[in-house]
Amino acid sequence: MKIIMLGAPGAGKGTQAKKIAEKYKIPHISTGDIFRANIKNGTELGKKAKTYMDQGLLVPDELVVDLVVDRVNQDDCKDGYVLDGFPRTIPQAEALDQALARLNQKVDYAINVEVPDENIVNRMSGRRACVGCGATYHIVFAPTQKEDVCDNCGGSLILRDDDKPETVQKRLGVYHEQTQPLIEYYTNAGILKEVDGTIDIEDVFREITNILGE
Ligand code: ADP
Ligand code: AMP
């Protein structure tokens, strides 16, 4: 099962992708997580990506596409995967389709997690990320057991630089301009599925499992 998560920044793609990966036993591939790991490790890719991420801009397609194509060609992806944060532009979607076509494969589902812009800034200002393992929480909707301590690894939690309100506004603009056209792209491909991202995390997941099957 090859799944793409679509939606505005903060819509809940990562939250749902983790749950999908666990239930269906497929890898969760988040390009944002890959870039953040590269930044943390001080790699050349991380240095390049950071200049765009800090401004709320997309990293150029040529820095993203090969990385994802290499990743989905790895052995653990042979029974499928859930892509979170990729594709984010039409050229990225076309490059993925072409890479899969070479293997006689295709994406099965593009799940659009629908959340209106007015909910997004609140969502993002409450998001907290663990500096150790990258786990994501929300101070109101998905709190940790102990304040500011990661349930998973005990690491400390931060507000991502790009989750500050001024950067979130920029990211939303970039989303509407460059990423939203993918909704039409995958509708035309006949694989778009819409879920309401404003309801509780577990209820969103129920909508998704209704689509993907038990
Ligand atoms: P994305 O991967 O789309 O950027 P996340 O999955 O990181 O978004 O979610 C953004 C923030 O909103 C996180 O703090 C997360 O805990 C919270 N969140 C995710 N889904 C919901 C939901 N259905 N209701 C309330 N908060 C949510
Ligand atoms: P995310 O964690 O998915 O919100 O991504 C954080 C940031 O990483 C984005 O705002 C972009 O700057 C960058 N990024 C992640 N995935 C992509 C992608 N597919 N294309 C371009 N930039 C990306």
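A.B. asks: Would you mind going over a nonpolar patch on the surface with me for this structure?
C.D. replies: A surface patch of nonpolar side chains, amounting to about 330 Å² of accessible area, comprises Ile139, Val140 and Phe141. Inspection of the secondary structure puts Phe141 in the loop between strand 6 (136-138) and strand 7 (157-158). Among the residues examined, Phe141 registers a relative accessible area of 55% and is labelled exposed.

A.B. asks: Would you mind showing me how to read the site of ligand 1 here?
C.D. replies: Around ligand 1, a shell composed of 20 residues is seen, among which Gly14, Thr15, Arg127, Tyr137 and Ile199 lie nearest. Within the side chain of Thr15, a nitrogen or oxygen atom sits 2.6 Å from an oxygen atom of ligand 1. One of the backbone nitrogen or oxygen atoms of Tyr137 is found 2.7 Å away from an oxygen atom of ligand 1. Here ligand 1, which alone exposes 560 Å², has 93% of that area covered by the protein. If you list the elements that add at least two residues to the shell around ligand 1, you get helix 1 (13-24), strand 6 and helix 9 (201-212). Looking at the shell around ligand 1 residue by residue, the class counts come to nine nonpolar, seven polar and four charged.

A.B. asks: Looking at this structure, I do not really get the nonpolar core. What am I missing?
C.D. replies: As a rule of thumb, soluble globular proteins bury nonpolar side chains together. Formed by 53 residues in total, the largest nonpolar core has its most connected members in Met5, Ile20, Leu83 and Tyr186. Here Tyr186 is in contact with Ile4, Leu6, Pro87, Ala93, Ala110, Ile191 and Leu192, once residues within four sequence places are set aside. Listed in part, the five residues of the second largest apolar core include Cys130, Ala135, Cys150 and Leu157.

Analysis parameters
Residues numbered from 1 in each chain as written. Chains lettered and ligands numbered in written order. Predicted model: local features only at pLDDT ≥ 70, side-chain atom pairs only at ≥ 80, totals over all residues. Heavy atoms only, no water. Patch = residues over 30% accessible without salt bridge, like charges linked within 9 Å, V, L, I, M, F, W, Y side chains within 5 Å. Areas by Shrake-Rupley, 256 points an atom, 1.4 Å probe, with all protein chains shown as cover. Salt bridge = Lys/Arg side-chain N within 4 Å of Asp/Glu carboxyl O. Helix = DSSP H or I, 4+ residues; strand = E, 2+ residues; numbered from the N terminus. Buried < 20%, exposed > 50% of the residue type's maximum accessible area, 1.4 Å probe, protein only. Near = heavy atom within 4 Å. Polar contact = N/O pair within 3.5 Å; in protein donor to acceptor, adjacent residues only side chain to side chain. Nonpolar A, V, L, I, M, F, W, Y, C, P; charged D, E, K, R; others polar. Core = buried A, V, L, I, M, F, W, Y, C linked by side-chain atoms within 4.5 Å. Contact = heavy atoms within 4.5 Å.

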